[in-house]
Amino acid sequence: MTLFNRRTALALMGGTLAASGLAAPALAANKKIKVGALRFTSHSGNFVGFERGYFADAGLDVEFEFFQAAQPMAVAIASGDIDYAVTAVSGGLINLADKGAIKVIGGALSEEAGIDGQKYLISDASYQAGIKTLKDLDGKKYAVTQAGSSFHYMGSKMAAAEGIDLRFTPLQKVGAIIGAMKSGQVDAWSIVPHLAKPLAKAGAWHMVANVSDYIPDYQVTTVFTSAKNAADERGQTEAFLNGFSKGVDDYAAAMIDKTADQDEMIDLIHKYVYTDRERAKAAPSIINGTMRINSGAALNIASIKDQLAWFQSEGLVDAGISIDQLVDTSYVDVIGA
């Protein structure tokens, strides 16, 4: 049972829909573009594409704008402050697509069997109190950033599979969730491995299952842009996807397939991720954050359809929005259809 409704979700989204009514993107001359990013290993396709000149080779002058969360990136795309970004599908993202402001144009981070991925966690306090499995979480508090977030989706899919009810608890920021898990204010959460593993080792929580066990082939994040860019700036958009995809291939070769120099790739990623740590301390977290990023920005449309259907079933987005309003499938290979 989900304790959010659509009205609550839209209120928590902090004015996203209002922002979607702002002016269309004002694109700069000479193919200068702004790319939104988070300082996560999962955004490495963009970092490698920039550092190795793949964007420049594609005729693009890329400037990064860094964000603290995914939701503001969607608003920035809609308002024209940035041109391209990578983020999870959320209620806010879908509502912006419903307003004709943005389009998903490709796939990025994915859960893939055989590659370490996101983990379901139980807080140490709850674990010591006898909550040892996900089934034991019936009626307990499950942390999310906000209603309609990817955390909400992951928790709800797991709860449905286990036949349990969760009390979804919105805490807005990942840092706040980590603190609440450490102090036992919430019972469970799900998060990427580079955050899950070190804090599990330190005793803050227990990793009890993989997200991929409950949501196989989950398209965790997508590449998206404004609807205007998707429709009217095809050459620029193809150039961006080309540079991004080359960066992804290099990342995969080094970090997953081990056919390229991993140390060199870690050095590159460290310019953007865990910059407050010396390289020796940053490297393990960068390695732990390694997950599959789809080659060629291929998009798992079956996963996107499932996510859209879930948001609609929960009343978090309009029941009438179609997959074609959310996704432009003309740019990349579509998989999972």
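**A closer look at the side chain of S303**
Tracing the sequence through the fold places S303 in helix α16 (residues 301–313). Not counting residues up to four positions away in its chain, the partners in contact with S303 are D217, Y218 and Q219.

**With respect to the pattern of salt bridges**
Within this structure, the stated rule accounts for 12 salt bridges. Linking K32 and D61 is a salt bridge whose minimum nitrogen-to-oxygen distance equals 3.7 Å. Here K32, found in strand β1 (residues 32–37), pairs with D61, found in strand β2 (residues 61–66); they are 29 residues apart in sequence, far enough to count as distant. Note on K32: relative accessible area 34%, which makes it partly exposed. Notably, a salt bridge pairs E112 with R292, separated by 3.0 Å at the nearest N-O pair.

**As for the side chain of N229**
Along the chain, the position of N229 falls in helix α12 (residues 227–232). Among the polar contacts listed, one links the side chain of N229 to the side chain of T225, at a separation of 3.1 Å.

**Thoughts on helix α14 (residues 262–270)**
Of the positions making up α14, those classed as buried are M265, I266, L268, I269 and H270. Residues of α14 that are buried in the fold lie against α3 (44–51), α13 (234–255) and α15 (279–288). Residue D261 occupies the N-cap position of α14, its side-chain oxygen lying 2.9 Å from the main-chain nitrogen of D263.

**Details of the confidence of the model for the protein**
Scored by pLDDT, the protein has a mean of 89; 91% of the residues are at 70 or more. The low-confidence segment residues 1–29 (pLDDT under 50) makes 64 contacts with residues lying over four places distant or belonging to another chain.

**Brief notes about the packing of helix α8 (residues 150–162) against α16**
Running from N to C, α8 and α16 point in directions that differ by 85°, and their axes come no closer than 11 Å. Between α8 and α16, the crossing angle belongs to the class labelled roughly perpendicular. Here H152, Y153, S156 and K157 of α8 come into contact with α16, specifically with D306, Q307 and W310. Split into classes, the residues belonging to the contact of α8 with α16 amount to 2 nonpolar, 3 polar and 2 charged.

**Notes on the packing of aromatic side chains**
Overall, the coordinates contain 17 aromatic pairs when judged by the stated rule. Arranged with centres 5.7 Å apart and planes meeting at 80°, the rings of F47 and F64 form a pair that is edge-to-face. Of this pair, F47 sits in helix α3 while F64 sits in strand β2, and the two are 17 residues apart along the sequence. Ring geometry for F240 against F244: centres 6.1 Å apart, planes inclined by 20°, an arrangement best described as stacked. Linking F240 with F244, this pair stays in helix α13, spanning 4 residues, or about one helical turn. Across this residue pair, the class does not change: F240 and F244 are buried. Joined through ring pairs, the aromatic side chains of F47, F50, F64, F66 and Y272 make up one cluster.

Criteria and thresholds
- Residues numbered from 1 in each chain as written.
- Predicted model: local features only at pLDDT ≥ 70, side-chain atom pairs only at ≥ 80, totals over all residues.
- Heavy atoms only, no water.
- Helix = DSSP H or I, 4+ residues; strand = E, 2+ residues; numbered from the N terminus.
- Contact = heavy atoms within 4.5 Å.
- Salt bridge = Lys/Arg side-chain N within 4 Å of Asp/Glu carboxyl O.
- Buried < 20%, exposed > 50% of the residue type's maximum accessible area, 1.4 Å probe, protein only.
- Polar contact = N/O pair within 3.5 Å; in protein donor to acceptor, adjacent residues only side chain to side chain.
- pLDDT = per-residue confidence, 0-100.
- Axes fitted to C-alpha atoms, helices over the stretch in contact; angles between N-to-C directions.
- Parallel < 35°, antiparallel > 145°, perpendicular 65-115°, else oblique.
- Nonpolar A, V, L, I, M, F, W, Y, C, P; charged D, E, K, R; others polar.
- Phe/Tyr/Trp six-rings, centres within 6.5 Å; stacked < 30°, edge-to-face > 60°.

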